[in-house]
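# Descriptive structure summary
The residues making up each chain are set out below.
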Amino acid sequence: MDVGGAVCIVTGASSGIGEATARRLTDGGATVVLAARRADRLERLAAELPNALAAPTDVTDRAQVERLVARALATYGRIDVLVNDAGQGLHVPVLDLDPGDLRAVFELNVIAPLALMQAVLPGMRARSQGAIVNVSSATSLRVFPGLGGYSATKAALNMLSQIARLEFAEAGVSVSVVYPSVTATAFHQNLRAGALARGAWGIIPDPPELAADAIIFAITSGEAHVLVADPPRPIVPGGDAWGALLARQSPGAAHPDVTPSAGRGEHGRTSR
Ligand SMILES: NC(=O)c1ccc[n+]([C@@H]2O[C@H](COP(=O)([O-])OP(=O)(O)OC[C@H]3O[C@@H](n4cnc5c(N)ncnc54)[C@H](OP(=O)(O)O)[C@@H]3O)[C@@H](O)[C@H]2O)c1
């Protein structure tokens, strides 16, 4: 799907990766619908981006999701691209996981993307085209102690996305998953509970623009799984995904023979 001229809903557009994606999409000639809860930030961004629409939305509220999609359709007549970026971390050991916290993060990281996919699909199907990108996490490609709650939601999103990809193919709609590593956003200040995994402090975070580039690559290529890297890297989870992630963390280590516990305490790259 070409980005130029596309109408794109971006959730989580009020900061971080979502904001960077909205800027990159606009640079590429797209029209963006900016969705998140903080209306003031969306209004400021919309004022900077030609033709953008600020659409304050709590994506965990299905009625608000339906209003968002109806407003985008009423304003622009179609939706070509959906980027499900809104998300939150939950970085505590399994023993300390509060079920209420896990339910809340599951609502945001899994149920909200589902509601958005369901809301945009009929219009995309009617036009036999569309691209959906769900923002997951590299934490769902390896096994990191302390990230059980968060990684479980992203692993659920991965599987939902892969099955949606098969089911939506007949409608001409691609569904892709993008896997950022540690990224320099407000994410780690906004965790539902817990803190960045022990040992991860030495990681050099990626700029959010790197994740935005991977999201644009997923839209334009229709690749099923894209690891955030420079350049973005298509991967096969269960195939080369671990090797690609490890190679990215340690250049030269193409496919080392490691067990999941070898990654303890790290969930991003240590050097570029
Ligand atoms: N940063 C990282 O290290 C990292 C690594 C891997 C994956 N990711 C993933 O990347 C995505 C973006 O995160 P980020 O790093 O850009 O963090 P961020 O700056 O904290 O952005 C999170 C975004 O989600 C929005 N959001 C949260 N709850 C919402 C709700 N109920 N309804 C609508 N919007 C909501 C926030 O906006 P409002 O508060 O205005 O609603 C904000 O725009 C997430 O899915 C995250 O899991 C991040």
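For the structure itself, consult the block above.
In short, a report on the structure. Keep in mind it's a predicted model, so treat the numbers as computed, not measured. Position numbers for residues start from 1 in each chain and track the written sequence from start to end. Only residues with pLDDT of 70 or above have their local features reported here, since the model is predicted, and side-chain atom pairs are shown and tallied only from 80 upward, although totals for entire chains, interfaces and linings are computed over all residues.

### Let's talk about the sheet that holds strand β3 (residues 53–54)
We count it as follows: At least two bridges found by DSSP between two strands is the condition for calling them paired. Where helices and strands are cited, they refer to DSSP runs of H or I of at least four residues and of E of at least two residues respectively, numbered from the N terminus. Here, residues touch in the contact sense if the C-beta positions derived from the backbone fall within 7 Å of one another. Only C-alpha atoms enter the line fits that serve as axes; for helices the fit covers just the stretch in contact. Angles between N-to-C directions range over 0 to 180 degrees.
Taking strand neighbours across the sheet as the criterion, the eight strands line up as β3-β2-β1-β4-β5-β6-β7-β8 in an open arrangement whose pairing is mixed. Sheet topology places β3 and β8 (233–234) at the edges, where each strand pairs with a single neighbour. One ladder, built from two bridges, connects strand β2 (residues 31–35) with β3; its direction is parallel. Bridging from a neighbouring strand, Val-33 pairs with Leu-53 of β3. On top of the sheet, helix α1 (residues 16–27) reaches β1 (7–11), β2, β4 (81–84) and β5 (130–135); it is set at about 165° to β1, its chief contact. Across the sheet, helix α5 (residues 148–168) touches β5 and β6 (173–179), and the angle it forms with β6 is around 160°.

### What about the nonpolar core?
To keep things clear, this is the line we draw: Joined through C-beta atoms within 7 Å, a set of buried Ala, Val, Leu, Ile, Met, Phe, Trp, Tyr and Cys residues constitutes a nonpolar core. The burial label depends on the number of other C-beta atoms within 10 Å of a residue's C-beta. Counts of 20 or more mean buried, 12 or fewer mean exposed, and intermediate counts mean partly exposed, with C-beta atoms placed from the backbone.
Judged by nonpolar contacts, the single largest core of 74 residues is most densely connected at Cys-8, Ile-9, Val-32, Leu-34, Ala-35, Val-178 and Ile-215. Sort the elements by how many residues they give to this core and helix α4 (residues 99–127) lands first, with ten residues. Not counting residues up to four positions away in its chain, the partners in contact with Ile-215 are Thr-21, Val-83, Val-133 and Val-178.

### Overview of the site of the ligand
Using the following cut-off: Residue proximity rests on one test: whether the C-beta atom, placed from the backbone, lies within 6 Å of the molecule or strand. Just so you know the grouping, Ala, Val, Leu, Ile, Met, Phe, Trp, Tyr, Cys and Pro go in nonpolar, Asp, Glu, Lys and Arg go in charged, and all remaining residues, Gly too, go in polar.
In the vicinity of the ligand there are 28 residues, among which Gly-12, Gly-16, Arg-37, Gly-87 and Phe-187 approach most closely. Considering each element in turn, the shell around the ligand owes the most residues, three residues, to α1. For the shell around the ligand, the residue count by class is ten nonpolar, 14 polar and four charged.

### Focus: α1
Put simply, the rule is: In this analysis, the expected span of each helix is defined as 1.5 Å times one less than the number of residues it contains.
Taking 1.5 Å per residue, twelve residues should reach 16 Å; α1 reaches 17 Å between its end C-alpha atoms and fits that length. Counted residue by residue, α1 has ten buried out of twelve residues, so it is predominantly covered. Buried residues of α1: Gly-16, Ile-17, Gly-18, Glu-19, Ala-20, Thr-21, Ala-22, Arg-23, Arg-24 and Leu-25, and no others. Those residues of α1 hidden inside the fold are in contact with β1, β2, α2 (39–48), β4, β5 and α6 (208–221). Just past α1, the residue Gly-29 takes up positive phi, approximately 95°.

### Re the packing of α1 against α6
This is how the line gets drawn: An angle below 35 degrees is read as roughly parallel, one above 145 as roughly antiparallel, one from 65 to 115 as roughly perpendicular, and any other as oblique. Each crossing gets its handedness from the near helix: less than a right angle anticlockwise from the far helix is left-handed, clockwise is right-handed.
Relative orientation of the contacting elements α1 and α6 amounts to 60°, with a least axis distance of 8 Å. As summarised for this structure, α1 and α6 are arranged oblique, according to the angle between their axes. Here α1 runs over α6; the crossing is right-handed. Of α6, the residues touching α1 (which contributes Gly-16, Ile-17, Ala-20, Thr-21, Arg-24 and Leu-25) are Pro-208, Glu-209, Ala-211, Ala-212, Asp-213, Ile-215 and Ile-216. The residue inventory of the contact of α1 with α6, partitioned by class, reads eight nonpolar, two polar and three charged.

The values reported here are purely geometric and, on their own, carry no functional implication.
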